[in-house]
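Residues per chain, in single letters:
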Amino acid sequence: MRARWTPTFAFLLAGCCLAASGSEPAAADEMEVDVELVLAVDVSWSMDSGEQRLQRDGYVAAFRSPEVQQAILEGGNQRVAVTYVEWAGTFSQSVVVPWTLIASKADADGFAYRLAEEEPERERRTSIAAAIDFTAGLFDGNGFSGLRKVIDVSGDGPNNQGRGVTEARDAAVKRGITINGLPLMTSGDSGGYLSWGSIPDLDKYYADCVIGGPGAFMIPVNDWAQFPDAVRRKLVLELAGLWPAPKAPEAAIIPVASGPAPDCLIGERQWQQRQGLWIDDTR
């Protein structure tokens, strides 16, 4: 785990304004909502079952919180549409809770209840690209027309399977979708050691390689103790349409650490190296 908790919420602008991206008039059979939000949550083997339960419980608590419920009900339409998806490798995406209209406290509590009833399932590999491609398709014909379409990606490592993550991101952004990030920088750095598949500057990787679209931002999580608060704050920003500037004074806006641009193919290179070492070990 990383060092003690500090309020290091990093908000990165990947767009120039808060205007709705690619929004069009709602079709007659579509319900207008303030935002269509996909929660795309990593369930790869880099997290143990306890950590995945903490992750799921963080989202459950967030939707039960007064702050998130108030954010939903204070929007222009006073309603949002949300779906929860778990992902891992190229062919590992699962819709845990399908598109759900949330227009009341009871709706938000119901969404949290459905989420709490399901157990997370661990899967192999990490394909952020496939997660973006899969979830981008979920907006088609979902019965809603949002002022904003958002994919909220959380994960603890870089893309290491499927097509390039920047290709998937750019394709989604062209469709008017904003991608926000919740990089989990929680993969054991005891004694300077990072577990396989992790990188030290995952926040920079998410900033340069994953998030995109008007108003895109991210909140890095440095310790699991931060996770519930980070999820709650992130949902308030997304659902209330206040991002990138939060209301809370303690959620300071700080830049991601400067330095060389991250390698957006670092995960793929790690996997290739791992396979090469494995082949050598069997000789």
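Structure shown above.
Our subject in this report is the structure included herewith. Quick caveat, the model's predicted, so the values are computed rather than measured.

**What to know about the overall build of the chain**
Here comes step 1: Along its length, the chain carries eight helices and five strands.
Here comes step 2: Counted from the first residue to the last, the chain has its helices and strands arranged as β-α-α-β-β-α-α-β-α-β-α-α-α.
Here comes step 3: The buried share among the 283 residues of the chain stands at 50%.

**Let's talk about the packing of aromatic side chains**
Here comes step 1: Under the criterion given, the structure shown has seven aromatic pairs.
Here comes step 2: Between Tyr59 and Tyr84, the ring centres sit 5.4 Å apart and the planes meet at 80°, which makes this aromatic pair edge-to-face. Pair noted here: Tyr59 is in helix 1 (residues 49-64) and Tyr84 is in strand 2 (residues 80-87), with a separation of 25 residues, a long-range link.
Here comes step 3: Using a relative accessible area of 1% as the deciding quantity, one classes Tyr59 as buried.
Here comes step 4: When its relative accessible area of 1% is taken as the criterion, Tyr84 is described as buried.
Here comes step 5: Aromatic rings pair up to connect Tyr59, Tyr84, Trp224 and Phe227 into one cluster.
Here comes step 6: If you follow Lys234 out to its NZ or CZ, it ends over the ring of Phe217, 5.2 Å from the centre.

**Considerations on the nonpolar core**
Here comes step 1: Tyr59, Phe63, Tyr84, Leu182, Leu235 and Leu239 are the most contacted members of the largest nonpolar core, which has 36 residues in total.
Here comes step 2: Going through the elements one at a time, strand 1 (31-42), helix 1, helix 2 (66-73), strand 2, strand 3 (93-102), helix 3 (105-117) and helix 7 (227-240) are the ones with two or more residues in this core.
Here comes step 3: Among the elements that line this core, the one with the most residues is helix 7, at seven residues.
Here comes step 4: Apart from the residues within four sequence positions on either side, Leu235 is in contact with Leu37, Leu39, Ala62, Phe63, Val68 and Ala240.
Here comes step 5: Listed in part, the 33 residues of the second largest apolar core include Ala81, Phe139, Ile177 and Cys209.

**Side note on the sheet that holds strand 4 (residues 144-155)**
Here comes step 1: Strand order in the open sheet made by the five strands is 3-2-1-4-5, with mixed pairing throughout. The outermost strands of the open sheet, each flanked by one partner alone, are strand 3 and strand 5 (177-183). Averaged over all pairs of adjacent strands, the angle between their axes in this sheet comes to 15°, without regard to strand direction.
Here comes step 2: Bridge analysis of strand 4 against strand 5 gives seven bridges, and the strand direction is parallel. Along strand 5, the bridge assignment pairs Ile151 with Ile179.

**Details of the state of the cysteines**
Here comes step 1: Taken as a whole and assessed by the stated rule, the structure comprises one disulfide.
Here comes step 2: For Cys209, the disulfide goes to Cys264, at an S-S distance of 2.0 Å. Because the torsion about its S-S bond is -85°, the bridge between Cys209 and Cys264 counts as left-handed. Placement of Cys209 in helix 6 (residues 202-210) and of Cys264 in the loop between helix 7 and helix 8 (266-281) is noted, with a sequence separation of 55 residues between them.

**Re the pattern of salt bridges**
Here comes step 1: Evaluation of the coordinates by the stated rule reveals 13 salt bridges.
Here comes step 2: In this structure, Lys105 engages Asp109 in a salt bridge whose closest nitrogen and oxygen atoms are separated by 2.8 Å. Pair noted here: Lys105 and Asp109 are both in helix 3, with a separation of four residues, about one helical turn.
Here comes step 3: Residue Asp109 is classed as partly exposed on the basis of its relative accessible area, which comes to 23%.
Here comes step 4: Here Asp152 and Lys234 are joined by a salt bridge, their closest N and O atoms 2.8 Å apart. Here Asp152, found in strand 4, pairs with Lys234, found in helix 7; they are 82 residues apart in sequence, far enough to count as distant. For the pair formed by Asp152 and Lys234, the shared burial category is buried.
Here comes step 5: One salt-bridge network, in which partners are shared between bridges, spans Glu67, Asp229, Arg232 and Arg233.

**Observations concerning the pairing of strand 2**
Here comes step 1: The element strand 2 is extensively covered by neighbouring structure, given that eight of its eight residues are classed as buried.
Here comes step 2: Neither face of strand 2 is exposed, since Val80, Val82, Tyr84 and Glu86 on one face and Ala81, Thr83, Val85 and Trp87 on the opposite face are all buried.
Here comes step 3: Turn length for the strand 2-strand 3 hairpin, with the two strands adjacent in sequence and antiparallel, is five residues.

Reading the values: rules and limits
Residues numbered from 1 in each chain as written. Predicted model: local features only at pLDDT ≥ 70, side-chain atom pairs only at ≥ 80, totals over all residues. Heavy atoms only, no water. Helix = DSSP H or I, 4+ residues; strand = E, 2+ residues; numbered from the N terminus. Buried < 20%, exposed > 50% of the residue type's maximum accessible area, 1.4 Å probe, protein only. Phe/Tyr/Trp six-rings, centres within 6.5 Å; stacked < 30°, edge-to-face > 60°. Lys NZ or Arg CZ within 6 Å of the ring centre and 35° of its normal. Core = buried A, V, L, I, M, F, W, Y, C linked by side-chain atoms within 4.5 Å. Contact = heavy atoms within 4.5 Å. Pairing = 2+ DSSP bridges. Axes fitted to C-alpha atoms, helices over the stretch in contact; angles between N-to-C directions. Disulfide = S-S within 2.5 Å. Salt bridge = Lys/Arg side-chain N within 4 Å of Asp/Glu carboxyl O.

Without other data, these values stay purely geometric and don't point to any function.
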